[in-house]
Amino acid sequence: MIQHHLPDDWLVSYAAGTETPAEGLLIASHLTVCPLCRRRLAEAEAIGGGLLTEGPTAPVTPNLRDATLALLDAPRPASPPALVDPQGVLPGPLAAVVGAFDELPWQWAFPGVEQILLDVPHRAKGPPARLFRIAAGGFIPPHEHRGTEASLVLTGGFTDPEGHFARGDVCIREAGSTHGQDMDEEEPCVVLVVADRPFRGRSLFGLIAQLTRGF
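Just so we're clear, the structure is a prediction, and the values are computed from it rather than from any experiment.

(A) How the structure looks around the overall build of the protein. If you tally the helices and strands in the protein, you get six helices and eleven strands. Within the protein, residue pairs in contact and separated by at least 24 positions form 66% of the contacts whose partners lie at least 6 positions apart. Carbon and sulfur atoms form 58% of the exposed surface of the protein, whose accessible area is close to 12100 Å².

This is the structure in structure tokens:
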């Protein structure tokens, strides 16, 4: 059962369409596996719709009215079939970006950790998105966040000072927070990570990880 959910401000941003591409990928992937956050999103959208109906109105020209009504009567285009990871590991929005889980092109990041930089617009359009695979029983050394980092657990799990995070859980750390992470023993931990700034290592091993992580 999912214990760690998306914050309200992330859901409101998603409902308003103001999230970055990488944030949108993480949010959509979590929503795929979390019924509670899907209900919360529907509530946020309903509130936003209510606020729009209470706003000021403006006259509409006959041409614009007729064109809008014509669009309502037009048949809806067929939606493409949802992509499904054959292994059942990746949520549909993520599978649409990277393909099947067992064909992922992992690259060495630092000892015990592999990564993939996803093909999601970033730089001027927001932070990058990456997949990380950390060895079962491994750890991420203590580090300080210099910006916001959001992680979505896809396989395995980890424990940090805030608790235990397993499949579907979202872990968000803001600038100035410090933590280390101990991976579960049963299987490698795969996480989708969106970070707007690289972390700062708090130990020699952490500094090595920072230098080789690829940011």
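(B) Region of interest: the sheet that holds strand β8 (residues 170–173). If you trace the six strands from one edge of the open sheet to the other, you get β1-β2-β3-β10-β5-β8, paired in antiparallel fashion. Strands at the two margins of the open sheet, each flanked by one partner only, are β1 (107–110) and β8. Within the sheet, the average angular offset between the axes of one strand and its neighbour, ignoring direction, is 30 degrees. Relative to strand β2 (residues 113–117), β1 runs antiparallel, the two being bridged by three bridges. Within the sheet, the bridge partner assigned to Q107 lies in β2 and is Q115. Sheet strands touched by helix α2 (residues 21–33): β3 (129–134), β5 (149–155), β8 and β10 (189–195). Its angle to β10, the strand with the most contacts, is close to 140 degrees.

(C) Representation of the nonpolar core. Membership of the largest hydrophobic core comes to 32 residues, with the highest contact counts inside it found for L6, L94, L118, L131, L154 and L192. Taken together, the elements giving at least two residues each to this core come down to α1 (8–16), α2, α3 (35–53), α5 (92–98), β3, β5, β8 and β10. It is α2 that contributes the most residues to this core, five residues altogether. Residues contacting L118, with those up to four places away along its chain left out, are L25, L94, V97, V98, A129, R130, L131 and L192. Within the second largest apolar cluster, 15 residues are counted, among which are A109, I134, V191 and A195.

(D) Region of the structure containing the environment of S177. Looking at where S177 falls in the secondary structure, it is placed in the loop between β8 and β9 (178–183). Relative accessible area serves as the criterion here: at 22%, S177 is assigned to the partly exposed category. Between the C-alpha atom of S177 and that of R146, which follows or precedes it by 31 residues, the distance is 8.1 Å. If we skip the residues at most four places from it in the chain, S177 touches H143, E144 and H145. Within polar-contact distance, the side chain of S177 engages the backbone oxygen of E174 at 2.7 Å.

(E) Structural view of the packing of aromatic side chains. One pass over the structure, following the stated rule, counts one aromatic pair. Note on F158 and F165: the rings are 5.1 Å apart at their centroids and 20 degrees apart in plane angle, and the pair reads as stacked. Given the relative accessible area of 2%, F158 is considered buried.

(F) Expanded view of the packing of α1 against α2. At a closest axis distance of 11 Å, the pairing of α1 and α2 adopts a crossing angle of 105 degrees. Comparing the axis directions of α1 and α2 gives the class roughly perpendicular. Contacts from W10, L11 and Y14 of α1 reach α2 at E23, G24, I27, A28 and L31.

(G) Just α2, in detail. End to end, α2 covers 19 Å across 13 residues, agreeing with the expected 18 Å (1.5 Å per residue, within 8%). Across the 13 residues of α2, ten count as buried, placing the element largely inside the fold. Those residues of α2 not exposed but buried are A22, E23, G24, L25, L26, I27, A28, S29, H30 and L31.

(H) Layout of the confidence of the model for the protein. A residue-level look at the protein finds 72% of positions with pLDDT of 70 or above and a mean pLDDT of 81. Ignoring residues within four places in sequence, the model shows residues 76–82, a span with pLDDT below 50, making zero contacts including any to other chains.

(I) Structural view of the pairing of β2. Hairpin geometry of β1 and β2 is characterised by an intervening segment of two residues between the two adjacent antiparallel strands and by a positive phi of about 85 degrees at G112. The pairing of β2 with β3 spans five bridges and is classified as antiparallel. Bridging from a neighbouring strand, L117 pairs with R130 of β3.

(J) Local environment of the pattern of salt bridges. What the rule picks out here adds up to three salt bridges. For D8, the salt bridge identified is with R40, shortest N-O distance 2.5 Å. In this pair, D8 is assigned in helix α1 and R40 in helix α3, connecting sequence segments 32 residues apart. In this structure, R133 and E114 form a salt bridge, with 2.8 Å as the shortest nitrogen-oxygen distance. With a gap of 19 residues between them, R133 in strand β3 and E114 in strand β2 connect regions that are remote in the sequence.

Calculation notes
Residues numbered from 1 in each chain as written. Predicted model: local features only at pLDDT ≥ 70, side-chain atom pairs only at ≥ 80, totals over all residues. Heavy atoms only, no water. Helix = DSSP H or I, 4+ residues; strand = E, 2+ residues; numbered from the N terminus. Contact = heavy atoms within 4.5 Å. Areas by Shrake-Rupley, 256 points an atom, 1.4 Å probe, with all protein chains shown as cover. Pairing = 2+ DSSP bridges. Axes fitted to C-alpha atoms, helices over the stretch in contact; angles between N-to-C directions. Core = buried A, V, L, I, M, F, W, Y, C linked by side-chain atoms within 4.5 Å. Buried < 20%, exposed > 50% of the residue type's maximum accessible area, 1.4 Å probe, protein only. Polar contact = N/O pair within 3.5 Å; in protein donor to acceptor, adjacent residues only side chain to side chain. Phe/Tyr/Trp six-rings, centres within 6.5 Å; stacked < 30°, edge-to-face > 60°. Parallel < 35°, antiparallel > 145°, perpendicular 65-115°, else oblique. Expected span 1.5 Å × (residues − 1). pLDDT = per-residue confidence, 0-100. Salt bridge = Lys/Arg side-chain N within 4 Å of Asp/Glu carboxyl O.

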